[in-house]
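Observations on chain architecture
The chain contents come next:
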Number of protein chains: 2
Amino acid sequence: MERERICTKKSCFSFDTIKRLSLYLRNLKRLKEKGIEVISSDRIIPLLNVSSAQFRKDLSYFGEFGKRGVGYEVGRLIKELEEILGTNKEWKIALVGVGRLGQALLGFEGFSKFNIKIVCAFDIDKKKVGKVIEGVKVEDMKKLKTIIKRKRVKIALLCTPPHSAQEVSEKLVAAGIRGILNFSPLILKVPSSVFVSNVDMACELESLIFFLKRNERKV
Amino acid sequence: MERERICTKKSCFSFDTIKRLSLYLRNLKRLKEKGIEVISSDRIIPLLNVSSAQFRKDLSYFGEFGKRGVGYEVGRLIKELEEILGTNKEWKIALVGVGRLGQALLGFEGFSKFNIKIVCAFDIDKKKVGKVIEGVKVEDMKKLKTIIKRKRVKIALLCTPPHSAQEVSEKLVAAGIRGILNFSPLILKVPSSVFVSNVDMACELESLIFFLKRNERKV
DNA sequence: CTCCATTTGTTCCTGTTTTCACAAATATAT
DNA sequence: ATATATTTGTGAAAACAGGAACAAATGGAG
Ligand SMILES: NC(=O)c1ccc[n+]([C@@H]2O[C@H](COP(=O)([O-])OP(=O)(O)OC[C@H]3O[C@@H](n4cnc5c(N)ncnc54)[C@H](O)[C@@H]3O)[C@@H](O)[C@H]2O)c1
Ligand SMILES: NC(=O)c1ccc[n+]([C@@H]2O[C@H](COP(=O)([O-])OP(=O)(O)OC[C@H]3O[C@@H](n4cnc5c(N)ncnc54)[C@H](O)[C@@H]3O)[C@@H](O)[C@H]2O)c1
């Protein structure tokens, strides 16, 4: 495919490594809340569906964070991972398409745990423009470029219907957006400097169905 | 990891192949709507971010659907893929946790294109129980087992907060659910006969941030 | 201080997935 | 009928990712 591999001076690793680091970070935070201060790779993996070797290897791409014979100091590892992933400082993001899904995302508290904040929202629907939803004012699409540039937002959530997704993505890129989390079921064509992640629930569900059908036949 | 590989008498292929088939199917349907009747692997891939060799190989695991020198007949390929994926007949699914995200999913028209229908919804909140949202009545968690068994539902969308997700998943499994699309940021522990797919938006976003941070440094 | 139990970091290996590349098949033009 | 242009299906090769396994490091018990 493309944009699936990351290379440093040290070595190369896959993009999946980064997703797993994010998973590790979230679980480490839970452990910290429970008061656990040190954990070994063997004892954290039951929470994660990942092998302990993989856990250690993923970390090893970025440095040595554990202590042999002991394990990992939870607080330290959280800090290191936040540093690696970039969530040690706040990230401002934009949202386009304040429909059902867009509104759910606006109200999602989960993002704040990652230091992520939706600072502006846009919609083409005149009835929605001007309303304040979950503390964010919905702006007209015409103001998209100005506001995104002014607020120096680099990431956007794209929640419009698929037929307008390509057009919207082009406006976002023109406004300086460098990363798009795309919820619409359409593969976007963007310059290679822009990073797109797709969240495709219908595909997920369809592959789930394939499995079920298969297992039923077996049983 | 686990549950990542599918083997038939013919050969073995990865779970990613299935997700791609789902992607192909959706795009083929769009082509059909546009009136395109025949397409070659070289001309469909610009829509997909997949190589043409991959496209052909993914299909080859299931049979020979193309005609050399010509390409694929769109209508036929759609039928074949629907057959393979199992979406040629209607699938009934359940939803648990009628919060912001749950309500967005209840109103999502996209599922119907895949012959997927949410036939029941459950919540623990007494204020929500009894309401009808997007044509689906919200039921009490106590009735979960009875209703799911009676309607013979095998797939569920899990949209409760993470702290109750494990508990809810156990109730679902006890009610006969065999596939769970999990939106809560928690790795579920379920019997190996149950298939879980995770949709983890916060992880996606966090890995996006990693990339941006990286590119900025480069620039 | 020595031995033993742990646990990390990393090398090496193995099986998987993707891509390459081409024979076989088809259509069209002459 | 033959040549030419396409395009599939697929073996073989290359690229990758994941896991086993172990030396090196650490801490604690005796
Ligand atoms: N609802 C869900 O649960 C769900 C699930 C999976 C995927 N999706 C996808 O997410 C997207 C949004 O789904 P939804 O259910 O929220 O739809 P929706 O119709 O409720 O909302 C879409 C919003 O986008 C706005 N919009 C349309 N064209 C626009 C444009 N050119 N510029 C700016 N805004 C525009 C509309 O005014 C509307 O507010 C769709 O692509 C859908 O396929 C939704
Ligand atoms: N809102 C989003 O856009 C979003 C995005 C990504 C992930 N998620 C995840 O999806 C889940 C739901 O998010 P939300 O924003 O809709 O939350 P929400 O608080 O709006 O809704 C949660 C719903 O679950 C119900 N619930 C709680 N405990 C329950 C139980 N034991 N049994 C049945 N129902 C129960 C609540 O009554 C409520 O209706 C969370 O795990 C969240 O992390 C949400």
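Numbering of residues starts from 1 in each chain and follows the order in which that chain's sequence is written. Ligands are numbered from 1 and chains lettered from A, in the order in which they are written. At least 70 in pLDDT is required for a residue's local features to be given in this predicted model, at least 80 for side-chain atom pairs to be given and counted, and no such filter applies to totals for whole chains, interfaces and linings, which use all residues. Values shown for side chains rest on all heavy atoms present in the structure; no hydrogens or waters enter the calculation.

1. Remarks on the site of ligand 2
Residues and elements named next belong to chain B. The cutoff for a nearby residue is simple: one of its non-hydrogen atoms must lie within 4 Å of the molecule or strand. Not every one of the 25 residues close to ligand 2 is listed here, only the nearest: Arg100, Leu101, Asp123, Lys128 and Thr160. Between N or O atoms, a polar contact is any pair within 3.5 Å; within protein, one atom must be a potential hydrogen donor and the other a potential acceptor, and residues adjacent in sequence are included only when both atoms are from side chains. A distance of 2.5 Å is found between an oxygen atom of ligand 2 and a side-chain nitrogen or oxygen belonging to Asp123. The contact in question runs from an oxygen atom of ligand 2 to an N or O atom on the backbone of Thr160, over 2.6 Å. Burial of ligand 2 by the protein amounts to 88% of the accessible area it has alone, namely 820 Å². Ranked by residues supplied to the shell around ligand 2, first place goes to helix α8 (residues 162-174) with four residues. Taken together, the residues of the shell around ligand 2 sort by class into 15 nonpolar, five polar and five charged. A 1.4 Å probe and the Shrake-Rupley method give the accessible areas. Residues count as covered only by the protein chains that appear here. Runs of E in the DSSP output that reach at least two residues are strands. Runs of H or I that reach at least four are helices, and both are numbered from the N terminus. Amino acids are sorted into nonpolar (Ala, Val, Leu, Ile, Met, Phe, Trp, Tyr, Cys and Pro), charged (Asp, Glu, Lys and Arg) and polar (every other residue, Gly among them).

2. Focus on the packing of aromatic side chains
Aromatic contacts are taken between Phe, Tyr and Trp rings whose centres are within 6.5 Å, Trp giving its six-membered ring; a plane angle under 30 degrees counts as stacked, one over 60 as edge-to-face, and the others as tilted. Enumeration over the complete set of coordinates arrives at 20 aromatic pairs over all chains. Members of the aromatic cluster, joined through ring pairs, are Phe13, Phe15, Tyr61, Phe62 and Phe195 of chain A together with Phe210 and Phe211 of chain B. Above the ring of Phe114 of chain B, the side-chain terminus of Lys29 of chain B is found at 5.5 Å from the ring centroid. For a ring to carry a charge above it, either NZ of a lysine or CZ of an arginine must fall within 6 Å of the ring centroid while also lying within 35 degrees of the normal to the ring plane. If you follow Lys89 of chain B out to its NZ or CZ, it ends over the ring of Trp91 of chain B, 5.1 Å from the centre.

3. Things to note about the packing of helix α7 (residues 144-151) of chain B against α8 of chain B
Residues and elements named next belong to chain B. With their axes 9 Å apart at the nearest point, α7 and α8 run at an angle of 40° to one another. In terms of orientation, α7 lies oblique with respect to α8. Read as a crossing pair, α7 and α8 show a hand that is right-handed. Contacts between α7 and α8 pair Leu144, Lys145, Ile148 and Lys149 from the former with Lys171, Leu172 and Ala174 from the latter. Classifying every residue of the contact of α7 with α8 by side-chain character gives four nonpolar, no polar and three charged. Axis lines are fitted through C-alpha atoms, for helices just across the contact stretch, and the angle between N-to-C directions can take any value from 0 to 180 degrees. Here the word oblique covers every angle except those under 35 degrees (roughly parallel), over 145 (roughly antiparallel) and from 65 to 115 (roughly perpendicular). Handedness of a helix crossing follows the sense of rotation of the near helix relative to the far helix, less than a right angle counterclockwise being left-handed and clockwise being right-handed. Any pair of residues with heavy atoms lying within 4.5 Å of one another is described as a contacting pair.

4. What about the nonpolar core?
Nine residue types can take part in a nonpolar core, namely buried Ala, Val, Leu, Ile, Met, Phe, Trp, Tyr and Cys, and a core is a set of them joined through side-chain atoms within 4.5 Å. Note on exposure labels: buried denotes an accessible area under 20% of the residue type's maximum, exposed denotes more than 50%, and partly exposed covers the range between, all computed with a 1.4 Å probe on protein chains only. Ranked by internal contacts, the top residues of the largest apolar core, which has 114 residues, are Leu157 and Phe183 of chain A together with Leu157 of chain B. Setting aside chain neighbours within four positions, we find Phe183 of chain A in contact with Leu101, Leu105, Leu157, Leu158, Cys159, Val199 and Met201 of chain A together with Met201 of chain B. Formed by 22 residues, the second largest nonpolar core is a distinct cluster that contains Ile147, Ala165, Leu172 and Ile180 of chain A.

5. Points about the side chain of Ser169 of chain A
You can see Ser169 of chain A is positioned in helix α8 (residues 162-174). With near-sequence residues (within four places) excluded, Ser169 of chain A lies in contact with Leu158, Ile180, Leu188 and Val190 of chain A.

6. Brief notes about the pairing of strand β11 (residues 179-182) of chain A
Residue and element names in this part refer to chain A. Covered by surrounding structure in β11 are Gly179 and Leu181 together with Ile180 and Asn182, the residues of both alternating faces. Here strand β10 (residues 155-158) pairs with β11 via four bridges, running parallel. Bridge pairing in β11 links Ile155 to Gly179. Following the backbone out of β10, through α8 and into the adjacent parallel β11, one traces a crossover that is right-handed. Two strands are counted as paired when DSSP detects at least two bridges linking them. Note on handedness: a clockwise path from strand one over the helix to strand two, with the strands aimed away from the viewer, defines a right-handed crossover.

7. With respect to the state of the cysteines
Residue and element names in this part refer to chain A. The term disulfide is used for any two cysteine sulfur atoms that are within 2.5 Å. For the coordinates displayed, the defined rule picks out two disulfides over all chains. Here Cys7 is linked by a disulfide to Cys12, with a sulfur-sulfur distance of 2.3 Å. Between Cys7 and Cys12 the disulfide shows an S-S torsion of about 110°. By sign, it is right-handed. Judged by its relative accessible area of 40%, Cys7 is partly exposed. Residue Cys12 is classed as partly exposed on the basis of its relative accessible area of 32%.

8. Observations regarding unusual backbone geometry
All names here are of chain A. We note that Asn49 has phi near 60°; this positive angle belongs to a residue other than glycine. You can see Asn49 is positioned in the loop between α2 (41-44) and α3 (52-60). Despite not being glycine, Glu134 shows a phi value in the positive range, around 50°. For Glu134, a relative accessible area of 47% gives the class partly exposed.

9. Describing the interface of chain A and chain B
With 72 residues of chain A at the contact, the number on the chain B side is 72 residues. Here a salt bridge means any side-chain nitrogen of Lys or Arg lying within 4 Å of a carboxyl oxygen belonging to Asp or Glu. Where chain A touches chain B, the interface holds six salt bridges. Where Glu204 of chain B meets Lys19 of chain A, a salt bridge forms, and the shortest distance between an N and an O atom there is 3.3 Å. The interface formed by chain A and chain B contains 26 residue pairs in polar contact (both at pLDDT 80 or more).

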